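# An overview of the molecular structure
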Amino acid sequence: MTTLSIIKADTGGFVGHSAVHPEMLAVAEEALREAVSDGLILDGHADSCGDDISLIMTHEHGADSERIHGFAWQLFQRTTGIAQRLGLYGAGQDLLSDAFSGNLRGMGPGYAELEFTERPSEPVICFLADKTEPGAWNLPLYKMFADPFSSAGLVIDAKMHAGFSFEVYDLYEEKRIVFDTPAQSYDLLMYIGAPARYVVHSVSSISTGVLAAATSTQRLSLIAGKYVGKDDPVMIVRAQSGLPAVGEVLEPFAFPYTVAGCMRGSHHAPIMPVSRAQAHPARFDGPPRVVALGFQIKNGKLIGPRDLFDDPSFDRARAQANEVMDYLRRQGPFEPHRLALEDLEYTTMHALEQRLADRWEAMPGVAAPAAH
Ligand code: F6R
Ligand code: MG
Ligand code: MG
């Protein structure tokens with residue numbers, strides 16, 4: 001079995017929260033090369049979206065491996081060192097603990113991991129996003145694996161006809177459930193339509209049982225108990241021969257649906273599919289970006305990447321994202337551009353409530369102030 005892991009962290013932004021400094025990426029690439037020659041991993045590629053570094057690695061240690069997670073942790077400490085030396089913004093932002101203890105769960109970095117037996121030809125797409133949250137993958141995953149108006153293979157390909165199972169995490173209560181589509185599509189949509197709480201963690205084929213997709217599902221803000229930045233997500237999707245074709249995997253991103261994130265992790269904004277060269281959110285710390293890196297995996301080697309959104313067929317989505325951004329921005333601090341109070345990552349409201357507690361008084365005709 002081969003494991004494909006994407007482990008990512010924001011260890012410092014250049015400039016502000018907009019990008020990763022080239023020196024940090026160079027160090028990551030060098031460390032991955034060393035890890036290949038030391039025999040720890042089969043292959044590795046370092047990339048970035050916005051201010052997050054992603055380590056894309058193939059290996060034989062399985063998911064949640066202490067050796068692989070420990071390697072990533074040490075590497076992120078080195079890139080934090082560079083960020084500190086250069087005075088980059090938010091150095092070490094996602095490293096929430098001082099000591100590594102077995103795996104990265106709850107420690108800040110995000111990761112998506114997928115174990116599989118390599119097919120004779122193994123096309124995979126690694127999606128990296130910035131300025132949004134893990135639930136941002138819910139809508140495109142539904143379209144890829146459950147919407148026949150988006151993925152023609154669900155109707156046409158006999159191997160896809162039986163549908164797909166979606167494993168959904170409840171991030172608030174830390175429990176999971178599996179829904180089979182198409183039979184339970186409406187139940188599934190009831191939950192994953194609330195992406196701040198319910199997040200698709202993985203998808204597998206009902207007819208073959210193979211794992212087709214995996215996402216990162218960590219929520220930094222809850223883990224840390226305080227605001228530390230949106231936990232920008234990553235996702236792995238395998239494609240072709242009984243799974244959605246590469247073009248079906250990419251098709252949902254031709255529509256720039258709205259996600260939570262953007263400025264101060266506190267706004268709804270359209271997600272913009274971009275090439276790696278354009279993956280540097282600038283306007284209003286957004287719009288949120290997604291890049292799609294395509295690889296063929298052969299004997300564990302990562303052949304690629306191909307920069308799949310570097311394609312004029314996504315120009316319309318980008319233009320529409322800019323239009324939607326203009327429209328939403330004009331609403332300034334009003335919902336639904338600004339997130340609902342309970343989803344805001346900044347805590348001004350709590351401070352305000354304390355400061356103004358004795359200025360609130362009962363409405364005329366009401367005996368005592370209503371509790372709020
Ligand atoms: C969003 C994000 C940025 C920051 C914003 C303010 O996820 O990281 O939008 O929230 O730039 O950053 P601070 O509070 O560090 O000045
Ligand atoms: Mg940052
Ligand atoms: Mg980020």
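Residues numbered from 1 in each chain as written. Chains lettered and ligands numbered in written order. Predicted model: local features only at pLDDT ≥ 70, side-chain atom pairs only at ≥ 80, totals over all residues. Heavy atoms only, no water.

Under the annotation held in an unreviewed UniProt entry, the chain carries the name Fructose-1,6-bisphosphate aldolase/phosphatase and is attributed to Amycolatopsis acididurans. UniProt's Cofactor (unreviewed entry) comment on the chain is quoted here verbatim: "Mg(2+)". We quote the UniProt Pathway (unreviewed entry) comment for the chain here in full: "Carbohydrate biosynthesis; gluconeogenesis." (UniProt positions renumbered as here; feature names shortened; annotations may be inferred.)

## Looking at the UniProt feature "binding site: dihydroxyacetone phosphate" (unreviewed entry) in the chain
Under the UniProt annotation, "binding site: dihydroxyacetone phosphate" (unreviewed entry) lies at His17, Lys131, Arg264 and Asp285. Considering the C-alpha atoms alone, the annotated residues occupy 269 residues of sequence yet fold into one spot, their largest mutual distance being 10.1 Å. The residue His17 is located in the loop between β1 (2-9) and α1 (22-37) in this model. Beyond its immediate stretch of four places on either side in the chain, His17 contacts Asp10, Asp51, Tyr89, Gln93, Asp130 and Lys131. Looking at where Asp285 falls in the secondary structure, it is placed in the loop between β13 (272-273) and β14 (289-298). (Helix = DSSP H or I, 4+ residues; strand = E, 2+ residues; numbered from the N terminus. Contact = heavy atoms within 4.5 Å.)

## A few points about the coordination of the magnesium ion (ligand 3)
Within the protein, the atoms that donate to the magnesium ion (ligand 3) are Asp51 (OD), Asp52 (OD), Asp130 (OD) and Asp232 (OD), at distances of 2.0 to 2.1 Å. In the primary sequence, the donor residues of the magnesium ion (ligand 3) line up as D-D-x77-D-x101-D. Between the magnesium ion (ligand 3) and the magnesium ion (ligand 2) the interatomic distance amounts to 4.7 Å, and Asp51 serves as a bridging ligand to the pair. Of the two residues, Asp51 sits in the loop between β2 (43-49) and β3 (52-59) while Asp130 sits in strand β5 (residues 122-130), which places them 79 residues apart along the sequence. The two residues Asp51 and Asp130 agree in class, both being buried. (Donors = N, O, S within 2.8 Å, 3.2 Å for Na, K, Ca; no water. Buried < 20%, exposed > 50% of the residue type's maximum accessible area, 1.4 Å probe, protein only.)

## Observations concerning the coordination of the magnesium ion (ligand 2)
At 1.9 to 2.2 Å from the magnesium ion (ligand 2) lie its protein donor atoms, namely Asp10 (OD), His17 (ND1) and Asp51 (OD). Motif for the magnesium ion (ligand 2), donor spacing along one chain: D-x6-H-x33-D. A relative accessible area of 1% means that Asp10 is categorised as buried.

## Digging into the pattern of salt bridges
Inspection of every chain in the model, using the stated rule, returns 16 salt bridges. A salt bridge links Arg176 to Glu167; the nearest nitrogen and oxygen atoms lie 2.6 Å apart. Here Glu167 falls in the buried class, since its relative accessible area comes to 12%. Linked through salt bridges whose partners overlap, the residues forming this network are Asp170, Glu173, Lys175 and Arg197. (Salt bridge = Lys/Arg side-chain N within 4 Å of Asp/Glu carboxyl O.)

## Considerations on the domain arrangement of the chain
Examined at the domain level, the chain breaks down into domain 1 (1-116) and domain 2 (117-348). With centres defined by C-alpha atoms, the gap from domain 1 to domain 2 works out at 21 Å. The interface of domain 1 with domain 2 comprises 35 residues on the first partner and 40 residues on the second. Buried area between domain 1 and domain 2, summed over both chains or domains, comes out near 2900 Å², and the portion from carbon and sulfur atoms is 67%. (Domains from an automatic or database assignment. Buried area = accessible area lost by both parts, 1.4 Å probe.)

## Some points on α1
Here α1 spans 23 Å end to end across 16 residues, near enough to the 22 Å set by a 1.5 Å rise per residue. Those residues of α1 lying buried are Met24, Leu25, Val27, Ala28, Ala31, Leu32 and Ala35. Buried residues along α1 cover an arc of 160° about the axis, so they all sit on one side. Exposed positions of α1 whose direction lies more than 90 degrees from the buried face are Pro22, Arg33 and Ser37. Among the structural elements, β2, β3 and α2 (66-86) are those in contact with the buried residues of α1. Phi for Gly39, located one or two positions after α1, is positive at around 85°. (Expected span 1.5 Å × (residues − 1). Arc of directions from axis to C-beta.)

## Section: the side chain of Asp52
Looking at the secondary structure, you find Asp52 in strand β3. Taking relative accessible area as the criterion, Asp52 reaches 3% and is therefore assigned buried. Only 3.1 Å separates the side chain of Asp52 from the side chain of Lys8, close enough to count as a polar contact. Other than its neighbours up to four places away in sequence, Asp52 contacts Lys8, Ala9, Asp10, Val20, Asp47, Asp94, Asp130 and Asp232. (Polar contact = N/O pair within 3.5 Å; in protein donor to acceptor, adjacent residues only side chain to side chain.)

## Details of the UniProt feature "binding site: beta-D-fructose 1,6-bisphosphate" (unreviewed entry) in the chain
With numbering aligned to this structure, UniProt lists the feature "binding site: beta-D-fructose 1,6-bisphosphate" (unreviewed entry) at His17, Tyr89, Gly102, Asn103, Lys131, Gln240, Ser241, Arg264, Asp285 and Tyr346. Looking at where Ser241 falls in the secondary structure, it is placed in the loop between β10 (234-238) and α7 (246-250). In this view, Ser241 contacts Arg119 and Lys159; residues no more than four positions away in its chain are not counted. Within the local environment of Ser241, its side chain forms a polar contact with the side chain of Arg119, the two groups lying 3.3 Å apart.

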